[in-house]
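Listed here are the chains, written in short residue letters.
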Amino acid sequence: MAKGKEVAQWKQALQDDAQKVSHNEGTDSSAITIQHGTMMYREQPVPNNEIGAIILASTTERCYYDKPYDPDVISPPACFAQSTEPRGLTPHENVKEPKAESCDDCPLAEFGSAKVGKGPACKTYRKLIFIPADCTAEAVGQAELAYMKVSPTSVKNWSKYAQQLVASAGIPPWAAQTLIKVVPDKKTMHQVTFAGLGPLEDEQLLSAIHGRIDAATEKLLVPYTYEEEEENSSKY
């Protein structure tokens with residue numbers, strides 16, 4: 001057997017076995033977090049602080065915490081709202097003591113209401129859920145979902161990018177490959193940025209992606225709960 005053919009075979013075997021391990025040992029979704037300016041995936045730094053993605057869905061979430069942040073105790077916010085739409089939010093039905101009937105009328109949403117800093121006490125986030133940018137049509141159905149909670153200081157970056165996709169190519173984010181990157185920032189410590197890697201043109205791939213959007217969105221909208229035994233249950 002020619003040496004070149006042998007090399008090609010073991011490289012293909014390497015890829016096949018890696019996919020098997022990912023399928024057998026992985027979960028259907030994992031979080032991409034940012035710790036001290038470093039993008040993390042499964043407690044490991046992401047190379048170059050960037051990841052290529054096909055973003056299936058996004059939601060808006062507003063959260064008000066009435067207790068100081070404690071990294072050792074994960075507690076739900078005192079009040080929260082979530083929706084696929086960025087406007088007209090109202091406190092979720094799980095909230096025991098809503099701070100207002102609507103987020104637009106809430107005094108905690110006003111700038112200057114935060115105990116620390118000049119911003120609002122109730123923060124606005126974007127939650128994104130995505131699959132790898134290099135997914136094929138055949139792989140989309142089994143591809144692991146990753147999700148990210150974009151901090152308030154980077155929300156405008158996401159909004160601007162999504163608007164640019166529509167204006168320049170007439171497509172939503174799920175029809176494009178996107179580079180998500182964490183970069184240093186003098187004012188906010190770090191920023192999450194978004195850049196287009198190109199539109200998706202394979203119709204079978206687009207069809208497969210579209211078929212996962214509803215289920216992916218439902219994952220983003222899993223609410224916080226307040227039962228004592230479930231205080232650590234929220235995935236987001």
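What you see is a predicted model; the values in this text were computed from it and never measured. (Residues numbered from 1 in each chain as written. Predicted model: local features only at pLDDT ≥ 70, side-chain atom pairs only at ≥ 80, totals over all residues. Heavy atoms only, no water.)

## Quick notes on the overall build of the protein chain
Within the protein chain, the regular secondary structure consists of 4 helices and 9 strands. If you list the helices and strands of the protein chain from N to C, you get α-β-β-β-β-β-β-β-α-β-β-α-α. A total of 236 residues make up the protein chain; the buried ones form 38% of that total. Nonlocal contacts in the protein chain, meaning residues at least 24 apart in sequence, comprise 58% of its contacts between residues at least 6 apart. If you sum the accessible surface of the protein chain, you get close to 14800 Å²; carbon and sulfur atoms cover 52% of it. (Helix = DSSP H or I, 4+ residues; strand = E, 2+ residues; numbered from the N terminus. Buried < 20%, exposed > 50% of the residue type's maximum accessible area, 1.4 Å probe, protein only. Contact = heavy atoms within 4.5 Å. Areas by Shrake-Rupley, 256 points an atom, 1.4 Å probe, with all protein chains shown as cover.)

## Describing the environment of A53
Positionally, A53 belongs in strand 4 (residues 50-64). The exposure class of A53 is buried, given its relative accessible area of 0%. Expressed as a C-alpha distance, the spacing of A53 and W174, which sit 121 residues apart in the sequence, is 9.2 Å. Those residues in contact with A53, other than ones at most four positions away along the chain, are F130, I131, P132, A133, A176, Q177, T178 and I180.

## Side note on the pairing of strand 2 (residues 38-41)
Pairing between strand 2 and strand 3 (residues 44-45): 2 bridges, direction antiparallel. Along strand 3, the bridge assignment pairs M40 with P45. Connecting strand 2 to the antiparallel partner strand 3 that follows it, the hairpin turn spans 2 residues, and R42 within it adopts a positive phi of roughly 55°. (Pairing = 2+ DSSP bridges.)

## Overview of unusual backbone geometry
Residue H36 is not a glycine yet carries a positive backbone phi of 55°. Turning to its location among the elements, H36 is positioned in the loop between strand 1 (29-35) and strand 2. Its identity as a non-glycine residue notwithstanding, R42 has a phi of 55°, on the positive side. Exposure remark for R42: the relative accessible area of 42% places this residue in the partly exposed category.

## Digging into helix 4 (residues 213-220)
Since the α-helix turns once every 3.6 residues, residues separated by three or four places project in the same direction. Within the sequence span of helix 4, burial applies to I213, A216, T217, K219 and L220. The arc that holds every buried residue of helix 4, seen down its axis, measures 155°, which confines them to one face. Exposed residues on helix 4 whose side chains face more than 90 degrees from its buried face are D214 and E218. (Arc of directions from axis to C-beta.)

## Topic: the packing of aromatic side chains
A full pass over the atoms with the stated rule returns 5 aromatic pairs. An angle of 20° between the planes, with centres 6.2 Å apart, marks the rings of Y161 and F194 as stacked. Remark: F194 occurs in strand 9 (residues 189-199) and Y161 occurs in helix 2 (residues 155-169); sequence separation between them is 33 residues. Each member of the pair, Y161 together with F194, is buried. Counting every residue linked through ring pairs, the aromatic cluster contains F80, Y224 and Y226. Over the ring of Y125 we find K149; its NZ or CZ atom is 4.5 Å from the centre of that ring. (Phe/Tyr/Trp six-rings, centres within 6.5 Å; stacked < 30°, edge-to-face > 60°. Lys NZ or Arg CZ within 6 Å of the ring centre and 35° of its normal.)

## Focus on the nonpolar core
In terms of nonpolar packing, the biggest core is built from 38 residues, with F130, I131 and I180 touching the most fellow members. Mapped by element, the contributors of at least two residues to this core are strand 4, strand 6 (122-132), strand 7 (145-150), helix 2, strand 8 (176-185), strand 9, helix 3 (203-210) and helix 4. For I180, the residues in contact, after removing those within four places along its chain, are M39, N49, E50, I51, A53, I55, F130, M148, V192, T193 and F194. One finds Y64, A78, A109 and Y226 within the second-largest nonpolar core, a separate group that totals 15 residues. (Core = buried A, V, L, I, M, F, W, Y, C linked by side-chain atoms within 4.5 Å.)

## Focus on the pattern of salt bridges
Tallying each qualifying case throughout the model produces 4 salt bridges. A salt bridge links E50 to K181; the nearest nitrogen and oxygen atoms lie 3.6 Å apart. Highlighted residues: E50 in strand 4 and K181 in strand 8, separated in sequence by 131 residues. With a relative accessible area of 26%, E50 lands in the partly exposed category. What makes K181 partly exposed here is its relative accessible area of 30%. Here the residues in one salt-bridge network are E61, K127 and K149, joined through shared partners. (Salt bridge = Lys/Arg side-chain N within 4 Å of Asp/Glu carboxyl O.)

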